[in-house]
Each structure stands twice: as structure tokens, then as C-alpha cells.
Amino acid sequence: MRVLLINTSERIGGAAVACSRLMEALKNNGIKARMLVRDKQSEQLTVVALNRSWRLVWKFVWERIVIWRANRFKKNNLFAVDIANTGTDITGLPEFQQADVIHLHWVNQGMLSLKNIEKILASGKPVVWTMHDMWPCTGICHHARECEGYRQECGSCHFLYGGGHKRDLSHRIFLRKKKLYQSYPITFVTCSHWLEEKARLSALIEGHKVVCIPNPLNTNLFKPHDKQKARERLKLPADKKLLLFGSVKITDKRKGIDYLIESCKILVKNKPELREQLAVVAFGNQSRQLENLLPFKVYPLDFVHDEHQLVDIYNSVDLFVTPSLEENLPNTIMEAMACGIPCVGFNVGGIPEMIDHLHNGYVARYKSAEDLANGIHWTLNDPGYESLCEEACRKAVTHYSEHVIAKKFIELYNKVTGSNA
């Protein structure tokens, strides 16, 4: 069987990482998988990039201009929404024509337009679409937050300046998606049960098959190693407990940096001795900005692309904290758990499906810096800390390992193609 995975980027962003890992998992389990991207970051032969040209850049810019205009020429939320008005027709590519299954992932920001997607569907090839956020089931937003407009019909979008209006851009794109979805069969895959529930509530997805399959992880690579040796390689202190926080962009408000800062201040206020006992390792762009914001010693690292270095980082710490305010199924939690590192995060999105409260980590009340601080302190000082580590690793291996996830996708591909292979 030949499967073509389609994503805007090969390596940058959670969806790209998940898509790349799925390609490898499928290949390791007998599937001829290839990946088609707009932005290629490696020399991987099974990853094919669209031909670079000024047209690709212009398509991305034109989409932003349309959104900017609809937003009354304000920059607010300019990248929180997408309208898929521009893209590239991929149906003539040999990789597309040779594929038995077309598997869409995150295809925004000029990769595929709604017209391009319609042409893919009209080809008659089975289409599977993994939702890495809510965009496929809303008008234009990637995370609807408290809004429930997508359950009936989008409009008066709070992501548009002034709250939009009843027949605004979100409404028009919603209707275009609805007409498209009603014309062809699509099998939607969600990475978490949280997103599965959101998808099933959407008026857009009604009548389509929705299944929940997590992202895969190479648990032969991401696994526990000697903590002290990992610290030596990274030049981290051997005599402190280390808390890890990481994101592509550390200062991204959606990743909850303000709550991390507040929770650390609460920890020091309640337990002054922690100022010397605890330190923070931060990886991601702008991580050095944390040095003046946290009451603990900070060891900043740049954004890490090399997975072997990532394994060292996870194995060097005692706890991973993700105060993110919007999440589906974070790769970072999966990676940390596979390395035997307990995690603390808010009760949002797919996080409580990953972290089993008080069993392999701590799920804090949403947007409660105080409970986040409680979770950090409880996890680091729990008498059964070693058991937390073992359970975290066990959860990752049994739920997210490559073989487990590849098997589920192969079964799905066989169903959509009518194959019994």
C-alpha cells in the first residue's frame, strides 16, 4: 500500500513532527509512505517538497492580506485563523497519482486551498484527515476556546476585530467548507478524545467518520537513560532538582508562560528553601528571556531539532511542566513520559488523557497558578516518585509507541480502501 502524507512543514511545529514520525512508523511496518510538504528541512528521500517559487510566498502573503482586511487592518489574531483561499494543486504530481491513500495533516498557510482539497476529494482517492487542531471543524480558527459557533454555523467571530458580524469571513468560509464536506466522504482522525468530542459536535463533520488515534513516538529512542550522565553532557548541575519547560517560542502566551512565572513565585514564597534547591531548564526560541522572569536559576537552551539531544534533555531533568492554555496531544508530554519523566499540566485539551492524575504526574486546575505550583511541589516530593517515573514510561510505551499506532492506521487505511491486506 502507498500512502501520501501531506503537511505544510516537515519538521517545524507539533503537527509536522507528528506527521514525520507517522511516516517513519508506517515505513517500519511495511507501508510505502511518503510525505509531501511546502517547507522541507531535511535530506530525507521520502519527503518531497513543492517547487519553491515566488508564487508560494505570494500565496501565503495574499491569505494574510485578506484576513488583515477582514480584521479592519488590525494585526490582532492574524495567525490564529486561516481561510485556505490559496494553495497548490498537487493532483498532477506523480506522488499523488501513485498513492492509494491521501492522508492530510496540517495544510494551512498556503499549502492547500479549499479548491485544492476539493480537487483531491474529486479524484476518488480515499482521504484521511488528521486534525492537529480544530481548524477542519470550524470556520477559520484553530482553537475555538469558549466559542461554540462551529456547532451550528460560524459567524460573529471573536477572532476578528470588533467581534466580526453575522455574515463575516468566518461565516463565509464555514459555508464553503460545509458545501465541500457534504459532497465527498472524508475520514477524520483526532489525536485526542477531547478533539474527537469537539469534532463530533461540529455541524461541518456531521455524517463523516471520526476516529481517535494518537500520534506515534519512537520509544526505542525516547526512553530512560542515566540522569547524571545526561546532565554531564549538557553541563547541568548534579546537585539540584531540575524542572523542564519547552516550546517552539518560549514567550508565546498560549503556552502559559505567565502561569509558569506566577507558580514559581508561589513556590518560593511558600518554600523559600527551593530557591537554592530547584532550577529550571528551558528550551525554545527566546528561552534566555526567562532568566530575569523566574525566581530560580535558569539554564536556557535554544530550540532543539536533534531528537538525540532532546532525549538527553528529558533524561537530565526531574519534572516536565506544560502550563499551556491550548493543547491537543502535546508531543512534549509524550516525549517526557517515554523518558520516564513525570509531567504537570493544566486540565485542558488532551492533557488529562495523557497525564493520569497522581499516578504518573499531576493535572492542575485550568489557569490556576496555585494548583500548578502544588503539582510541581507534590510531584518532586512524592515518596513514590520512582513509581511515577515508571508509570509515565509505561503509559507512553503502551499507548504511543510506533508499532501500536502504525497498526491502528494500517487497519484504518485497509478499511477506507476496502482492502483486506
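Look up a bit, the structure's there.
So, a few notes on the structure that sits alongside this text.

How each quantity is defined
- What you see as residue numbers is a count from 1 along each chain, following the sequence as written.
- In keeping with the predicted nature of the model, local features appear solely for residues at pLDDT of at least 70, side-chain atom pairs appear and are counted solely at 80 or more, and the whole-chain, interface and lining totals rest on all residues.
- To get the side-chain values, all heavy atoms of the structure are used, and hydrogens and water are removed first.
- Counting from the N terminus, the helices are DSSP H or I runs at least four residues long and the strands are E runs at least two residues long.
- Relative accessibility decides the category of a residue: with a 1.4 Å probe and only protein chains considered, values under 20% of the type maximum give buried, values over 50% give exposed, and everything between is partly exposed.
- Residues are treated as being in contact if the distance between any of their heavy atoms lies within 4.5 Å.
- Method for areas: the Shrake-Rupley scheme with a 1.4 Å probe, in which residue coverage is limited to the protein chains shown.
- We treat Lys and Arg as the positive residues and Asp and Glu as the negative residues; His and chain ends play no part in the count.
- Where a charge lies is defined by one atom per residue type: Lys uses NZ, Arg uses CZ, Asp uses CG and Glu uses CD.
- Strands pair, by our definition, only if DSSP identifies at least two bridges between them.
- Orientation is described by lines fitted to C-alpha atoms, with helices fitted over the stretch in contact, and by angles between N-to-C directions that extend from 0 to 180 degrees.
- Here a polar contact is taken to be a pair of N or O atoms separated by no more than 3.5 Å, where protein atoms must pair a possible hydrogen donor with a possible acceptor and residues adjacent in sequence count only if both atoms sit in side chains.
- Only buried residues count toward a nonpolar core, which is a set of Ala, Val, Leu, Ile, Met, Phe, Trp, Tyr and Cys residues joined through side-chain atoms within 4.5 Å.
- Classification of ring pairs uses Phe, Tyr and Trp, with its six-membered ring standing for Trp, and accepts pairs whose centres are within 6.5 Å; under 30 degrees between planes counts as stacked, over 60 as edge-to-face, and the remaining range as tilted.
- Two conditions define a charge located above a ring, namely a distance within 6 Å from the ring centre to NZ of Lys or CZ of Arg, and an angle within 35 degrees of the ring normal.
- We call a crossover right-handed when, viewed with both strands directed away from the observer, the connection leading from the first strand over the helix to the second proceeds clockwise.

A few words now on the overall build of the protein chain. Assigned secondary structure in the protein chain consists of 15 helices and 13 strands. Along the three orthogonal principal directions, the C-alpha set of the protein chain runs to about 65 × 55 × 40 Å. Looking at the protein chain residue by residue over its 421 residues, the buried ones come to 57%. Taking all contacts inside the protein chain whose residues are at least 6 apart in sequence as the whole, residues at least 24 apart take part in 65%. A total accessible area of about 18,500 Å² is found for the protein chain, and carbon and sulfur atoms account for 49% of it. Of the side chains in the protein chain, 56 bear a positive and 45 a negative charge, and the two mean positions are spaced by 7 Å.

This paragraph deals with the sheet that holds strand S11 (residues 319-322). The 6 strands are arranged S10-S9-S8-S11-S12-S13 in an open sheet whose pairing can be described as parallel. On the outer flanks of this sheet lie strand S10 (297-301) and strand S13 (361-364), each paired with one strand and no other. When the angles between neighbouring strand axes are averaged without regard to direction, this sheet yields 20°. For strand S8 (residues 241-249) and strand S9 (residues 278-285), the ladder comprises 7 bridges, and the chain directions are parallel. Within the sheet, the bridge partner assigned to Gly246 lies in S9 and is Phe283.

The next subject is the environment of Ala396. Here Ala396 lies in helix H14 (residues 385-400). The spatial distance from the C-alpha of Ala396 to the C-alpha of Asn218 is 9.9 Å, given a sequence separation of 178 residues. Ala396 has contacts with Thr219, Met334, Met337, Ala338 and Ser401, leaving out every residue within four places of it along the chain.

Take the side chain of Ser9 next. The topology assignment puts Ser9 in strand S1 (residues 2-9). Judged by relative accessible area, which is 8%, Ser9 ranks as buried. At 3.1 Å, the side chain of Ser9 and the backbone nitrogen of Ile12 are in polar contact. Beyond its immediate chain neighbours, meaning those up to four positions away, Ser9 contacts Ala16, Met35, Val37, Asp39 and Gln41.

A few words on the environment of Glu353. Tracing the sequence through the fold places Glu353 in helix H12 (residues 351-354). Beyond its immediate sequence surroundings of up to four residues, Glu353 is in contact with Ser192, His193, Trp194, Lys395 and Tyr400. Within polar-contact distance, the side chain of Glu353 engages the backbone nitrogen of Trp194 at 2.7 Å.

Formed by 67 residues in total, the largest nonpolar core has its most connected members in Phe222 and Tyr314. Here this core gets 7 residues from one element, more than from any other, and that element is helix H8 (residues 257-270). In this structure, Val48, Ile117, Trp135 and Ile173 belong to the second largest nonpolar core, which totals 51 residues.

With that settled, consider unusual backbone geometry. Of note in this structure, Phe73 is not a glycine but carries a positive phi near 60°. Here Phe73 lies in the loop between helix H2 (54-70) and helix H3 (94-98). The backbone of Asn77 shows a phi angle near 55°, a positive value even though the residue is not glycine. Given the relative accessible area of 31%, Asn77 is considered partly exposed.

The geometry of an aromatic ring pair is captured by two quantities: the separation of the ring centres and the angle between the planes. Taken as a whole, this structure holds 14 aromatic pairs when the rule is applied. Aromatic side chains Trp129 and Phe188 sit 5.8 Å apart centroid to centroid with 25° between the ring planes, which places their arrangement in the stacked category. Here Phe188 lies in strand S6 (residues 187-190) and Trp129 lies in strand S5 (residues 127-131), a separation of 59 residues in the sequence. With respect to class, Trp129 is no different from Phe188; both count as buried. Here Phe346 and Tyr366 contribute two aromatic rings whose centre-to-centre distance is 6.1 Å and whose plane-to-plane angle is 85°, an arrangement assigned as edge-to-face. Taken as a pair, Phe346 in strand S12 (residues 343-346) and Tyr366 in the loop between S13 and helix H13 (369-381) lie far apart in primary sequence, 20 residues in all. For Phe346, a relative accessible area of 0% translates into the label buried. Of the aromatic side chains, those joined through ring pairs into one cluster are Trp129, Trp135, Tyr181 and Phe188. The lysine or arginine in question, Lys74, covers the ring of Tyr161, its NZ or CZ lying 5.1 Å from the ring centre.

By the criterion of burial, S5 is predominantly enclosed, with 5 of the 5 residues buried. Every second residue of S5 is oriented toward a common face, with Val127, Trp129 and Met131 on one face and Val128 and Thr130 on the other, all of them buried. After leaving strand S4 (residues 101-104), the chain enters helix H4 (residues 114-122) and then returns to the sheet as S5, a path that is right-handed. Examined bridge by bridge, S5 and S6 share 4 bridges and lie parallel to one another. Across the sheet, residue Val128 finds its bridge partner in S6, namely Thr187. After leaving S5, the chain enters helix H5 (residues 169-183) and then returns to the sheet as S6, a path that is right-handed.

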